Amino acid sequence: FAQPNAAKEPKFQAFTGAGQKLGGGGSDGGAGPMSEDEQLALALALSQEVAASHRLEAQLPAEPASGGARVQVRMPDGQRVQRRFVEDSTLQTLVNFVCVQLAAKSGQYHSASRRWQLTSQYPPLK
């Protein structure tokens, strides 16, 4: 007979299905699984991008509550981001702001964030 206080053995069924594995083989566009060296190189590159983005963000001056120049930038997906800059801000400050915005959405803009250009639509350049 069974003892009333005996612990019941858990019932489980081992996973036997197929799917993504820790070693790669996910949806990588058919290029095959990445080697360990490729995975490490990718991780290093991504961590360097994150570090660079944090450095640029730390260099941005505080956004003035009023006054200054309001700049609006259209991102690769069509979204518009805007920010106020103090009147004596350099063009590099604007470039840093755009880089931080692109890095924040790096998964979305992965290839588009590598190359971009800054253009003006108003006032028209002559």
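This structure is a prediction, so every number in the text was calculated from the model and none was measured.

Side note on the pairing of strand β1 (residues 69-74)
Next up, step 1: Of the pairings in the sheet, the one linking β1 to strand β2 (residues 80-85) comprises six bridges and is antiparallel in character. By the bridge assignment for β2, Gln 72 is matched with Gln 82.
Next up, step 2: What sits between the antiparallel neighbours β1 and β2 is a turn of five residues, in which Gly 78 has the positive phi angle 95°.

Overview of the packing of helix α1 (residues 36-59) against helix α2 (residues 91-104)
Next up, step 1: At a closest axis distance of 9 Å, the pairing of α1 and α2 adopts a crossing angle of 140°. As summarised for this structure, α1 and α2 are arranged oblique, according to the angle between their axes. The interaxial crossing formed by α1 with α2 has left-handed handedness. Residue-level inspection shows Ser 53, Leu 56, Glu 57 and Gln 59 of α1 in contact with α2, the latter providing Asn 96, Cys 99, Val 100 and Ala 103.
Next up, step 2: Looking at the contact of α1 with α2 residue by residue, the classes come out as four nonpolar, three polar and one charged.

Here's the deal with a nonpolar patch on the surface
Next up, step 1: A contiguous nonpolar patch, built from Met 34, Leu 42 and Leu 46 and spanning about 230 Å² of accessible area, is present on the exposed surface.
Next up, step 2: Looking at the element boundaries, Leu 42 is found in helix α1.
Next up, step 3: Overall, the relative accessible area of 39% leaves Leu 42 in the partly exposed class.

What to know about the packing of aromatic side chains
Next up, step 1: Taken as a whole, this structure holds one aromatic pair when the rule is applied.
Next up, step 2: For the pair Phe 85 and Phe 97, a centre-to-centre distance of 5.8 Å together with 85° between the ring planes defines the contact as edge-to-face. Within this pair, whereas Phe 85 is found in strand β2, its partner Phe 97 is found in helix α2, the two being separated by twelve residues in sequence.
Next up, step 3: We classify Phe 97 as buried; its relative accessible area is 6%.

Rules of the game
Residues numbered from 1 in each chain as written. Predicted model: local features only at pLDDT ≥ 70, side-chain atom pairs only at ≥ 80, totals over all residues. Heavy atoms only, no water. Pairing = 2+ DSSP bridges. Helix = DSSP H or I, 4+ residues; strand = E, 2+ residues; numbered from the N terminus. Axes fitted to C-alpha atoms, helices over the stretch in contact; angles between N-to-C directions. Parallel < 35°, antiparallel > 145°, perpendicular 65-115°, else oblique. Left-handed = near helix turned anticlockwise from the far one by under 90°. Contact = heavy atoms within 4.5 Å. Nonpolar A, V, L, I, M, F, W, Y, C, P; charged D, E, K, R; others polar. Patch = residues over 30% accessible without salt bridge, like charges linked within 9 Å, V, L, I, M, F, W, Y side chains within 5 Å. Areas by Shrake-Rupley, 256 points an atom, 1.4 Å probe, with all protein chains shown as cover. Salt bridge = Lys/Arg side-chain N within 4 Å of Asp/Glu carboxyl O. Buried < 20%, exposed > 50% of the residue type's maximum accessible area, 1.4 Å probe, protein only. Phe/Tyr/Trp six-rings, centres within 6.5 Å; stacked < 30°, edge-to-face > 60°.

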